Amino acid sequence: MELLSHVIATYHEVALKGGNRGFFERALVRNVRTALDGLPVAEISVPSRIVIRFAAPVAWVEVHARLATVFGLVGILPAVRVGGTYQQIEDHVATHLDELRGGTFAIRCHRSDKKFPLRSEEIARRLGQFVKDHSGMAVDLSAPEVTIHVLVQSDGIFVYRKRFTGAGGLPVGTSGRVLALLSGGIDSPAAAYMALKRGTRAIFLHFHSAPYTSDASVRKVEEIVRILNRHQGTSQLVIVPFGDCQREIVSRCPEALRVVLYRRMMLRVAARVARRMRCHALITGESLNQVASQTLENLAAIDRVAHLPVLRPLVGMDKLEIMQYAERAGTFEISILPDQDCCTLFVPRHPSTAAKMRDVEEAEVNLDIERMVADACAAREKERIGPDWASSETPIALQL
Ligand code: ATP
Ligand code: MG
């Protein structure tokens, strides 16, 4: 098992231009710290990249799995700090020459500490000569089999040979707070993952129909939240009983409109919860035309009651793409477990695919909407849920 004391993480310069740099970096460092919770982190500094120093050697697989969940990072480098002089770089490389496998190599040097006496090119040339003389490998700058990277920073010189891709996106917490509606199905966790990837912090909301159904969907959603929380640390899950609302809709409204009416009721409740929890948008896993309730007409009928933006990150994706994102998010395996969520309760045989606003509004005249929304909100429960690292041996946020 590979152990190491330093890891360097890089982020994308373009996002840092202008006055937002400090805000972005602080959020990123905070999220790195959260992701490494429980590991012996001694210090995190940001001279130009994020340098993480551990108080005791840690397993690379563990650190890699954790850092691969941090949105905003583009590169993760298992590095060795070799000291502060050129000679120390050479001494370090000398003791690892027998690990280099290949016929060709290149040295890549980046010097952010402009006070260092040697320029990048000189370091690369001298070290290249040294490796060539002592390893028998030939220099190939365009397609080397082995690359030795040297970073000269104000806090020391680092050497690394491998670079792993980070999760990309923006640091969680830099794009505001959203309320993500999770059903327990495949799609909504993928949608929440994408919202987190764009830098939002998410609170989660689940409607269940217990005691009319089992509470299996609640257990599933708790599990899904634990997985998604790898990207943001502890968060809140709001659980709302929805069976009574459904029963009223079933007993008072036309069967074909049920699904649209359920959704409108869900969004009203969600919008109210969002306002109370200071969320600025709702996130759903709807795609266009995937099922009866997701035609453009029905989405329009659903949106009218929301009073805040309803973001649908999956709108342009087909089912296979959504499944890939769910795999990447690590939620797919949980989502496919069988359960009875509230959508399986009182499903009409022929749901309307193009609900007319007039019909919908006419049907809702039979409902005491304000009371139903207030009752559902009042019955909500909240749970604080932490991240689950137990099942993350391998990085789960690789780029497609
Ligand atoms: P999913 O795979 O997420 O269940 P779906 O393709 O089954 O989505 P619908 O059943 O039409 O689609 O649900 C659309 C969206 O409405 C879901 O993606 C989710 O965001 C939200 N939603 C549906 N049911 C619930 C629920 N029980 N609790 C919270 N949100 C829900
Ligand atoms: Mg569903």
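In this text the structure is predicted, and so the values were computed from the model without any measurement.

Observations concerning the packing of aromatic side chains
By the definition in use, this model includes five aromatic pairs. Aromatic pair Tyr11 and Phe24: ring centres 6.2 Å apart, planes at 55°, arrangement tilted. Of the two residues, Tyr11 is situated in strand 1 (residues 3-11) and Phe24 in helix 1 (residues 21-35); the sequence distance between them amounts to 13 residues. Accessibility expressed as a relative area gives 7% for Phe24, which makes it buried. Through pairs of rings, three or more aromatic residues link up here, namely Phe207, Phe242 and Tyr262. Just above the ring of Tyr86 sits the side chain of Arg126; from NZ or CZ to the centre is 4.3 Å.

Considering the state of the cysteines
Considering all chains together, one arrives at zero disulfides under this definition. Here Cys253 stays free of any disulfide, with the sulfur of Cys245 as its closest cysteine sulfur at 11 Å. The structure places no disulfide on Cys279, whose sulfur is separated from the nearest cysteine sulfur, that of Cys377, by 13 Å.

Quick notes on the domain arrangement of the chain
According to the domain assignment, the chain contains domain 1 (3-165) and domain 2 (177-385). Taking only C-alpha atoms, the centre of domain 1 and the centre of domain 2 are 43 Å apart.

Some remarks on the nonpolar core
Grouped together as the largest cluster of nonpolar side chains are 43 residues, with contacts concentrated most on Leu179, Met265 and Leu282. Going through the elements one at a time, strand 10 (177-181), strand 11 (201-208), strand 12 (235-241), helix 7 (243-252), helix 8 (258-276), helix 9 (296-303), helix 12 (357-364) and helix 13 (369-378) are the ones with two or more residues in this core. Per-element tally for this core: the top contributor is helix 8, with eleven residues. Sequence-distant contacts of Leu179, that is, excluding residues within four places in its chain, are made with Ile203, Phe204, Leu205, Ala270, Val273, Ala274, Cys279, Ala281, Leu282 and Ile283. Grouped together as the second largest cluster of nonpolar side chains are 35 residues, Phe71, Leu196, Ile227 and Ile385 included.

Digging into the side chain of Arg268
Following the sequence through the fold, Arg268 ends up in helix 8. Within polar-contact distance, the side chain of Arg268 engages the side chain of Glu364 at 2.8 Å. Sequence-distant contacts of Arg268, defined by excluding residues within four places in its chain, comprise Val305, Glu364, Ile369 and Val373.

Observations concerning the packing of helix 7 against helix 13
Any two packed helices are characterised by how steeply their axes cross, that is the angle between the axes, and by the distance between the axes. Where helix 7 meets helix 13, the axes come as close as 9 Å, and the angle between the chain directions of the two elements is 160°. One way to sum up the angle between helix 7 and helix 13 is to call them roughly antiparallel. Residues Cys245, Glu248 and Ile249 of helix 7 form the contact with helix 13, whose own contacting residues are Arg371, Met372 and Ala376. Its residues placed into classes, the contact of helix 7 with helix 13 shows four nonpolar, no polar and two charged.

Quick look at the pattern of salt bridges
This structure, assessed with the given rule, holds 19 salt bridges. A salt bridge links Arg312 to Asp303; the shortest N-O distance between them is 2.9 Å. The exposure class of Asp303 is partly exposed, given its relative accessible area of 32%. One connected set of salt bridges, linked through shared partners, spans Glu248, Arg252, Asp368, Arg371 and Asp375.

Reading the values: rules and limits
Residues numbered from 1 in each chain as written. Chains lettered and ligands numbered in written order. Predicted model: local features only at pLDDT ≥ 70, side-chain atom pairs only at ≥ 80, totals over all residues. Heavy atoms only, no water. Phe/Tyr/Trp six-rings, centres within 6.5 Å; stacked < 30°, edge-to-face > 60°. Helix = DSSP H or I, 4+ residues; strand = E, 2+ residues; numbered from the N terminus. Buried < 20%, exposed > 50% of the residue type's maximum accessible area, 1.4 Å probe, protein only. Lys NZ or Arg CZ within 6 Å of the ring centre and 35° of its normal. Disulfide = S-S within 2.5 Å. Domains from an automatic or database assignment. Core = buried A, V, L, I, M, F, W, Y, C linked by side-chain atoms within 4.5 Å. Contact = heavy atoms within 4.5 Å. Polar contact = N/O pair within 3.5 Å; in protein donor to acceptor, adjacent residues only side chain to side chain. Axes fitted to C-alpha atoms, helices over the stretch in contact; angles between N-to-C directions. Parallel < 35°, antiparallel > 145°, perpendicular 65-115°, else oblique. Nonpolar A, V, L, I, M, F, W, Y, C, P; charged D, E, K, R; others polar. Salt bridge = Lys/Arg side-chain N within 4 Å of Asp/Glu carboxyl O.

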